[in-house]
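As a plain string of letters, each chain reads:
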Amino acid sequence: GTPLRTLAEAKGVYIGTALQANELSGTSGSIAGAQFDSVTPGNEMKWASVEPTRGTYNWGPADQIVSFAQQNDMRVRAHNLVWHSQLPNWLTSGSFTNTQLHDLMIKHVTDEVTHFKGKVAHWDVVNEPFNEDGTYRADLWYNQLGVSYIADAFTAAHAADPNAKLYVNDYNVEGQNAKSNGLYNLVKSLKQQGVPIDGVGFQAHFILGQVPSDFKANMQRFADLGVDVAVTELDVRMQTPSDAGKLQQQANDYTAVVNDCLGVSRCVGVTVWGFNDATSWVPSTFPGQGAATPYDENLNPKPAYTAIQTALGGT
Ligand code: G3I
């Protein structure tokens, strides 16, 4: 059949996958390069990865993924700059004053965006800033710097690479709910203040049969604020083992998500969080669950793959 990326390009969207540096060679690299036209490093651009020791950058694994993308004519969705998780120990165990922490954040954003300047299409600048009830997550950024850390991170990223599209990214914000209302109010406020935010990423880590029916309408209300939207980390997990019925339901779920994106003119693309079940994050985080991606553990396409292909106009 026609590769997903060819179909996506004809529809004016991209189809992406998360990849880790150890997946670039062999069969997984071949499939990724053939089928997808966007890549998100699964871990390699996170702060703990790039600066494990204060002041010593380790760009190697992330650079490998960027080179892979260039060789395969893929765009890079860079992930991420400011998050509560996967921070280096020196940062979380140090006790920094508010001013020091602010300066460390700005330096990190500036240095990392500068390193990849001109090589990435999108940056997830702020990742997962909300609690489920729509209040701000009480992480070290919010606790010490207050909500202004968000605007400051976007401003610094824009100064370092004015051409990268800058995103806020979160999960459980796909339907209209308390958390997505919080995110909506944040984006509205940032736009009103003239903060350089370009897009909203909906991670879309779904449970089988639970794609919110208002996902499209919810993305549209964000788009109406004057930002792009993207599905950034799609997967659909189930109790394992899978069976034919579950895989068909999963295919229907993938169809719904791709159609929801295609139904919003400012939805620029869909990224799956790992394209195969062999390397998906799900089983280690949710014991007993898995089979969440479009390819099985042997890297063979599943009904979910065919569903994406069909939704993108393939036959
Ligand atoms: O690299 C070490 C390895 O040296 C060590 O032996 C091993 C033992 O546990 O751990 C390895 O690190 C793991 C790392 O993935 C690389 O595989 C970490 O333990 C593990 O926690 C880490 O998980 C990542 C997770 O983010 C951390 O929160 C997943 O791979 C990654 O897919 C996941 O991605 C997040 C997005 O960034 C944000 N949205 C949710 C999404 C899923 O959790």
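Under the annotation held in an unreviewed UniProt entry, the protein carries the name Beta-xylanase and is attributed to Actinacidiphila polyblastidii. The UniProt entry for the protein carries this comment under Catalytic activity (unreviewed entry): "Endohydrolysis of (1->4)-beta-D-xylosidic linkages in xylans." Its UniProt record, at the heading Sequence similarities (unreviewed entry), says of the protein: "Belongs to the glycosyl hydrolase 10 (cellulase F) family."

Peer 1: Help me understand the site of the ligand in this model?
Peer 2: Near the ligand you find Gly42, Asn43, Ser85, Gln86, Asn127, Gln203, Glu233 and Trp281, and these make up its full shell. A breakdown of the residues in the shell around the ligand according to their chemical character gives one nonpolar, six polar and one charged.

Peer 1: It is not clear to me how the UniProt feature "active site" (unreviewed entry) in the protein should be interpreted in this structure. Could you clarify?
Peer 2: Those places that UniProt annotates as "active site" (unreviewed entry) correspond, in this numbering, to Glu233. Residue Glu233 is classed as buried on the basis of its 24 C-beta neighbours within 10 Å. When near neighbours in sequence (up to four residues on either side) are disregarded, Glu233 contacts Ala18, Gln203, Ala204, His205, Thr271 and Trp273.

Peer 1: How do you make sense of helix 10 (residues 215-223) when you look at a structure like this?
Peer 2: Since the α-helix turns once every 3.6 residues, residues separated by three or four places project in the same direction. Of all the positions in helix 10, only Phe215, Asn218, Met219 and Phe222 are classed as buried. Projected down its long axis, helix 10 shows its buried positions confined to an angular sector of 100°, all on one face. Among the structural elements, helix 9 (178-193), strand 6 (199-202), strand 8 (228-239), helix 11 (244-262) and strand 9 (267-272) are those in contact with the buried residues of helix 10.

Peer 1: I would appreciate a short explanation of unusual backbone geometry in the present structure.
Peer 2: Among all residues except glycine, the phi angle is most often negative; among peptide bonds, the trans geometry is most common. Residues His79 and Asn80 are joined by a peptide bond in cis, for which omega reads -10°. Along the chain, Asn80 falls in strand 3 (residues 75-82). The omega torsion across Thr240 and Pro241 is 0°, close enough to zero to call that bond cis. Its location among the elements puts Pro241 in the loop between strand 8 and helix 11.

Reading the values: the criteria
Residues numbered from 1 in each chain as written. Predicted model: local features only at pLDDT ≥ 70, side-chain atom pairs only at ≥ 80, totals over all residues. UniProt positions renumbered as here; feature names shortened; annotations may be inferred. Near = placed C-beta within 6 Å. Nonpolar A, V, L, I, M, F, W, Y, C, P; charged D, E, K, R; others polar. Buried ≥ 20, exposed ≤ 12 C-beta atoms within 10 Å, placed from the backbone. Contact = placed C-beta atoms within 7 Å. Helix = DSSP H or I, 4+ residues; strand = E, 2+ residues; numbered from the N terminus. Arc of directions from axis to C-beta.

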